Amino acid sequence: FRYQPGAKSAETFTNVGNVGILIEAPGHVSAILAAQGDQFLVLDSTTAKTLGGLPLKAKPVAGAADSAGTVAYCLLQDGSLHRVRATGDRQFNLVEVARPFGAADRGFFVLPQSKRVVAVTAGGKITVFDPATGKVHALQSAAPLSAGPAVDPEEDAWYYADSTVLKYAVGRHKSSE
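Just so it is clear, the model here is predicted, and its values are computed rather than measured. (Residues numbered from 1 in each chain as written. Predicted model: local features only at pLDDT ≥ 70, side-chain atom pairs only at ≥ 80, totals over all residues. Heavy atoms only, no water.)

A. Molecular detail of the pattern of salt bridges. For the structure on display, the rule yields 4 salt bridges. Across the pair glutamate 96 and arginine 99 runs a salt bridge, and its minimum N-O distance is 2.9 Å. Here arginine 99 falls in the partly exposed class, since its relative accessible area comes to 45%. For glutamate 155, the salt bridge goes to lysine 167, with nearest N and O atoms at 3.3 Å. With glutamate 155 in the loop between strand S13 (147-151) and strand S14 (157-161) and lysine 167 in strand S15 (residues 165-169), this pair connects stretches of sequence that are 12 residues apart. When its relative accessible area of 44% is taken as the criterion, lysine 167 is described as partly exposed. Through salt bridges that share partners, Asp78, Glu96 and Arg99 make up one connected network. (Salt bridge = Lys/Arg side-chain N within 4 Å of Asp/Glu carboxyl O. Buried < 20%, exposed > 50% of the residue type's maximum accessible area, 1.4 Å probe, protein only. Helix = DSSP H or I, 4+ residues; strand = E, 2+ residues; numbered from the N terminus.)

In structure tokens:
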């Protein structure tokens with residue numbers, strides 16, 4: 001199933017079988033990429049029919065699309081980060097953009113402004129992929145609180161909460177290169 005913000009109920013895809021992560025397919029309003037084993041099934045979200053498959057080198061463990069719907073990213077079990085883009089009518093290109101990339105057991109998302117990809121672990125390790133430079137940066141931060149992440153649509157920030165709220169943000173990285 002998936003839930004779209006503002007919807008009255010969740011959508012279900014009962015004829016697909018067991019799947020893992022779901023990603024909004026880039027470039028296609030009515031398509032979803034659903035992880036099943038070492039592939040993504042391409043599903044038509046209006047009919048719940050399988051339209052094809054996208055083979056992967058390993059099992060996907062996390063995935064996210066940017067808010068504009070132009071690109072998606074998936075993290076594979078082998079530690080590689082891949083970019084997914086539409087190449088035609090429900091056809092997709094998968095390209096490895098980083099290896100190794102950090103674990104994402106507490107969060108994996110694309111920031112709305114910079115389009116950076118962020119992975120967060122339960123221990124507070126944050127890994128960031130910058131698509132503008134192709135570089136990966138990792139840092140240690142406070143362990144995330146129990147609820148979240150909630151990504152701020154207005155800025156490159158995200159939140160975790162319990163009885164308090166903890167805000168995380170990615171600043172501009174200055175390099176001597």
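Read on for the rest.
B. Examining the sheet that holds S14 more closely. Read across the sheet, 3 strands follow the order S13-S14-S15 without closing on themselves; strand pairing throughout is antiparallel. The open sheet has two edge strands with one neighbour each: S13 and S15. The mean angle between the axes of side-by-side strands here comes to 20°, regardless of whether they run parallel or antiparallel. Summarising the sheet, S13 and S14 pair through 3 bridges and their orientation is antiparallel. Each bridged residue has a counterpart across the sheet, and for alanine 147 the counterpart in S14 is alanine 161. (Pairing = 2+ DSSP bridges. Axes fitted to C-alpha atoms, helices over the stretch in contact; angles between N-to-C directions.)

C. Structural detail: the pairing of S15. Pairing between S14 and S15: 5 bridges, direction antiparallel. Across the sheet, residue alanine 157 finds its bridge partner in S15, namely alanine 169. Hairpin remark: S14 followed by S15, antiparallel, with 3 residues in the connecting loop.

D. The nonpolar core, seen in detail. In this structure, Ile23, Leu33, Phe40, Val84 and Phe92 are the most contacted members of the largest nonpolar core, which totals 16 residues. Look past the residues within four positions of phenylalanine 92 in its chain and what remains in contact with it is Ala25, Pro26, His28, Leu33, Val42, Leu54, Val84, Arg85, Ala86 and Thr87. (Core = buried A, V, L, I, M, F, W, Y, C linked by side-chain atoms within 4.5 Å. Contact = heavy atoms within 4.5 Å.)

E. Up close: the side chain of aspartate 130. In this structure, aspartate 130 sits in strand S11 (residues 125-130). We classify aspartate 130 as buried; its relative accessible area is 12%.

F. Region of interest: the packing of aromatic side chains. In the structure shown here, the tally under the stated rule is 4 aromatic pairs. Seen from their ring centres, tryptophan 158 and tyrosine 168 are 5.6 Å apart, and the 5° between their planes marks the pair as stacked. Here the residue tryptophan 158 occupies a position in strand S14, and tyrosine 168 occupies one in strand S15, the gap between them amounting to 10 residues. Residues tryptophan 158 and tyrosine 168 agree in their burial class; the two are buried. Cluster of aromatic residues (ring-pair linked, three or more members): Phe109, Trp158, Tyr160 and Tyr168. (Phe/Tyr/Trp six-rings, centres within 6.5 Å; stacked < 30°, edge-to-face > 60°.)

Functional significance is not addressed by these values, which are geometric in nature.
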